[in-house]
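One-letter residues, chain by chain:
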Amino acid sequence: MTAERIRGDGDRERSRDRGARDDDRYVDEEEYEAVSAAEAAREGLRQIIGLTGKDPVGITSVQPTDDGWLVGVEVVEDHRIPASTDLLGLYEVELDMTGSLLGYRRSRRYQRGKGDGG
């Protein structure tokens, strides 16, 4: 069985049995290898950079969920002078077991150095 990318299907792949009918089917998620926590963290960071164009500060959390991973990513929302007054944003990135993006949202926005207390 071989897998091939189909234009317009995003990250999904179709598989085709050689010698079988020309019917294609999507590869089940079980056929993919689940990503590790470290891989999920890197992918969450990459997705936020690509989607928002913001400068990353770092990964703040990685949590397993029933469907995959929830990754916390901190970014600079607004650069200010001095840098200690930058506005930061905390984004939550939801990934499936294979590391594909399911969704994201900004959960907080705060001034650098005042993230926990106020």
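Residues numbered from 1 in each chain as written. Predicted model: local features only at pLDDT ≥ 70, side-chain atom pairs only at ≥ 80, totals over all residues. Heavy atoms only, no water.

Undergrad: For this particular structure, what's the right way to read the overall build of the chain?
TA: Secondary structure summary: the chain contains 1 helix and 7 strands in total. In sequence order, the secondary structure elements of the chain are arranged as β-β-β-α-β-β-β-β. Counting over 118 residues, the chain shows a buried share of 27%. Look at the contacts in the chain between residues 6 or more apart in sequence, and 33% of them connect residues 24 or more apart. Counting only carbon and sulfur atoms, one obtains 45% of the accessible surface of the chain, whose full area is about 7900 Å². (Helix = DSSP H or I, 4+ residues; strand = E, 2+ residues; numbered from the N terminus. Buried < 20%, exposed > 50% of the residue type's maximum accessible area, 1.4 Å probe, protein only. Contact = heavy atoms within 4.5 Å. Areas by Shrake-Rupley, 256 points an atom, 1.4 Å probe, with all protein chains shown as cover.)

Undergrad: So what exactly am I meant to see when it comes to the pattern of salt bridges here?
TA: Any two side chains of opposite charge can pair, given that their charged atoms come close. Evaluated as defined, the whole model comprises 6 salt bridges. Residue R46 is joined to E43 by a salt bridge in which the shortest nitrogen-to-oxygen separation is 2.6 Å. Placement of both R46 and E43 in helix 1 (residues 37-52) is noted, with a separation of 3 residues, approximately one turn of the helix. Since its relative accessible area comes to 51%, R46 is described here as exposed. Salt-bridge contacts for R105 lead to E92; the nearest nitrogen and oxygen are separated by 3.0 Å. (Salt bridge = Lys/Arg side-chain N within 4 Å of Asp/Glu carboxyl O.)

Undergrad: Explain the pairing of strand 4 (residues 55-64) to me, please; I cannot follow it from the model alone.
TA: Bridging between strand 4 and strand 5 (residues 68-78) involves 8 bridges; their strand directions are antiparallel. Considered in strand 5, the bridge of D55 is made with V76. The antiparallel hairpin formed by strand 4 and strand 5 contains 3 residues in its connecting segment. (Pairing = 2+ DSSP bridges.)

Undergrad: Please explain a nonpolar patch on the surface as it appears in this structure.
TA: On the surface, a nonpolar cluster with roughly 250 Å² of combined accessible area is contributed by L51, L101 and Y104. Mapping Y104 onto the fold places it in strand 7 (residues 101-111). Exposure remark for Y104: the relative accessible area of 38% places this residue in the partly exposed category. (Patch = residues over 30% accessible without salt bridge, like charges linked within 9 Å, V, L, I, M, F, W, Y side chains within 5 Å.)

Undergrad: It is not clear to me how the side chain of D86 should be interpreted in this structure. Could you clarify?
TA: Mapped onto the secondary structure, D86 falls in the loop between strand 5 and strand 6 (87-96). Exposure remark for D86: the relative accessible area of 3% places this residue in the buried category. Setting aside residues no more than four positions away along its own chain, D86 makes contact with V76, D78, H79, R80, Y110, Q111 and R112.

Undergrad: What am I meant to see in unusual backbone geometry here?
TA: The phi angle of most residues is negative, glycine excepted, and most peptide bonds adopt the trans form. Along the chain, I81 connects to P82 via a cis peptide bond; the corresponding omega equals 0°. Considering the arrangement of structural elements, one finds P82 in the loop between strand 5 and strand 6.

Undergrad: Looking at this structure, I do not really get the nonpolar core. What am I missing?
TA: Generally speaking, a soluble globular protein has its nonpolar side chains buried in company with each other. Listed in full, the 10 residues of the largest apolar core are V35, A40, I48, W69, V71, V73, V75, Y91, V93 and L95. Only helix 1, strand 5 and strand 6 provide two or more residues apiece to this core. Excluding its chain neighbours within four sequence positions, the residues that come into contact with L95 are A40, E43, G44, D67, G68, W69, V71, S100, L101 and L102. (Core = buried A, V, L, I, M, F, W, Y, C linked by side-chain atoms within 4.5 Å.)

Keep in mind these numbers describe shape, not what the thing actually does.
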